[in-house]
Amino acid sequence: MAKTPKTVLDKIVAAIRAQKSPKGSSRQAIVKYLKSEFDTDNATAVKSALKKGVSCGKLVQSGQSFKVKGDAEYEAPADEKVDIVDVRVGDEDVAPAERGDTVVVAYVGKLDDGTQFDAAKRFDFTLGAGDVIKGWDVGIAGMRVGGKRKLTVPSKLGYGKKGSSPDIPPNATLHFTVTLKEIR
């Protein structure tokens, strides 16, 4: 039988572990969990415990998210992973594309049934800036100029429940063939 956490910090640790988020747990998610599981909703105590947890090394903060130091990384669920297949790696003498780079790609996008919904010979955007669907920010990072990848993007990292009318239906898995032409 697991013992009940006593301190607010121990309850926060329990909340983070229960949520198993690969990116860590946000303060809002932690507070919501504490309220539902431990009937704890003292915002000042939670804020103080988070600060104490980070300063004493029990918690690790990344942006607005918190993880328990030393815990194994949680794997993202399948519906939040981009399947990446390198068809051609590209120029190994050039640094790979990374967040903040402006990249120029050629691509073809298809649905599960093979219907093409989009294509371009030249399309540029800033990687990681939210200019494109999340699946592209994930799937194009690490590519090299001249490289070609096949990306299978789950709905959650594409257009989600709403789709993008008229060409992309709700909850569609998207398939892209992408060639990285240039990094600026």
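As shown above, the structure is provided for reference.
Attention here is on the structure that accompanies the text.

Take the overall build of the protein chain next. Across its full length, the protein chain carries four helices and eight strands. When the helices and strands of the protein chain are read in sequence order from the N terminus, they spell out α-β-α-α-β-β-β-β-β-α-β-β. Relative to the 2.2 N^0.38 estimate, which gives 16 Å for 184 residues, the radius of gyration of the protein chain is 21 Å and therefore markedly larger than a compact globule would have. Counting only C-alpha atoms and orienting by the principal axes, one finds that the protein chain spans roughly 60 × 40 × 30 Å. In the protein chain, which comprises 184 residues, the share counted as buried stands at 31%. Long-range contacts, defined here as pairs at least 24 residues apart, represent 62% of the contacts in the protein chain between residues at least 6 apart. Total accessible area on the protein chain is roughly 11,300 Å²; 49% of this is exposed by carbon and sulfur atoms.

The next point concerns unusual backbone geometry. Of note, the bond from S165 into P166 is cis; its omega dihedral lies within 30 degrees of zero at 5°. Relative to the elements of secondary structure, P166 occurs in the loop between β7 (148–153) and β8 (174–183). Phi at K20 is positive, roughly 50°, even though this residue is not glycine. Among the structural elements, K20 can be located in the loop between α1 (8–19) and β1 (25–26). A positive phi angle, close to 60°, is found at N171, a residue other than glycine. Checked against the element boundaries, N171 lands in the loop between β7 and β8.

Let's shift gears to the nonpolar core. One finds V105, W136, I140, L174, F176 and V178 to be the most contacted residues of the largest nonpolar core, which totals 23 residues. Of all the elements in the fold, those that place two or more residues in this core are β5 (102–110), β6 (116–126), α4 (134–140), β7 and β8. Discounting chain neighbours no more than four positions away, the residues touching I140 are A97, V105, F125, L127, R149, L151 and V178. Core analysis: the next-biggest nonpolar cluster, separate from the first, contains 13 residues, L9, I12, V46 and L50 among them.

The contact between helix α2 (residues 27–38) and helix α3 (residues 43–55) brings their axes to 11 Å, and the two run at 125°. The angle between the axes of α2 and α3 places the two elements in the oblique class. The hand of the α2/α3 crossing is right-handed. Between α2 and α3, the residues in contact are R27, I30, V31 and L34 and V46, K47 and L50, respectively. For the contact of α2 with α3, a count of residues per class yields five nonpolar, no polar and two charged.

This brings us to the pairing of β8. Pairing analysis gives eight bridges linking β5 to β8, with the strands arranged antiparallel. In the sheet register, V108 faces β8, and the bridge partner there is T177. Two elements, β7 and β8, share six bridges in a ladder whose sense is antiparallel. Paired with T152 across the strands is H175, a residue of β8.

What follows covers the packing of aromatic side chains. As enumerated under the stated definition, the model contains nine aromatic pairs in all. When the ring of Y107 is compared with that of W136, the centres are 4.8 Å apart and the planes differ by 85°; the resulting orientation is edge-to-face. Pair noted here: Y107 is in strand β5 and W136 is in helix α4, with a separation of 29 residues, a long-range link. Their ring planes at 75° and their centres at 6.0 Å tell us that F123 and W136 sit as a pair that is edge-to-face. Here F123, found in strand β6, pairs with W136, found in helix α4; they are 13 residues apart in sequence, far enough to count as distant. Given the relative accessible area of 30%, F123 is considered partly exposed.

About the thresholds
Residues numbered from 1 in each chain as written. Predicted model: local features only at pLDDT ≥ 70, side-chain atom pairs only at ≥ 80, totals over all residues. Heavy atoms only, no water. Helix = DSSP H or I, 4+ residues; strand = E, 2+ residues; numbered from the N terminus. Rg over C-alpha atoms; globule rule 2.2 N^0.38 Å. Buried < 20%, exposed > 50% of the residue type's maximum accessible area, 1.4 Å probe, protein only. Contact = heavy atoms within 4.5 Å. Areas by Shrake-Rupley, 256 points an atom, 1.4 Å probe, with all protein chains shown as cover. Core = buried A, V, L, I, M, F, W, Y, C linked by side-chain atoms within 4.5 Å. Axes fitted to C-alpha atoms, helices over the stretch in contact; angles between N-to-C directions. Parallel < 35°, antiparallel > 145°, perpendicular 65-115°, else oblique. Left-handed = near helix turned anticlockwise from the far one by under 90°. Nonpolar A, V, L, I, M, F, W, Y, C, P; charged D, E, K, R; others polar. Pairing = 2+ DSSP bridges. Phe/Tyr/Trp six-rings, centres within 6.5 Å; stacked < 30°, edge-to-face > 60°.

Any link to function would need more than the numbers given here.
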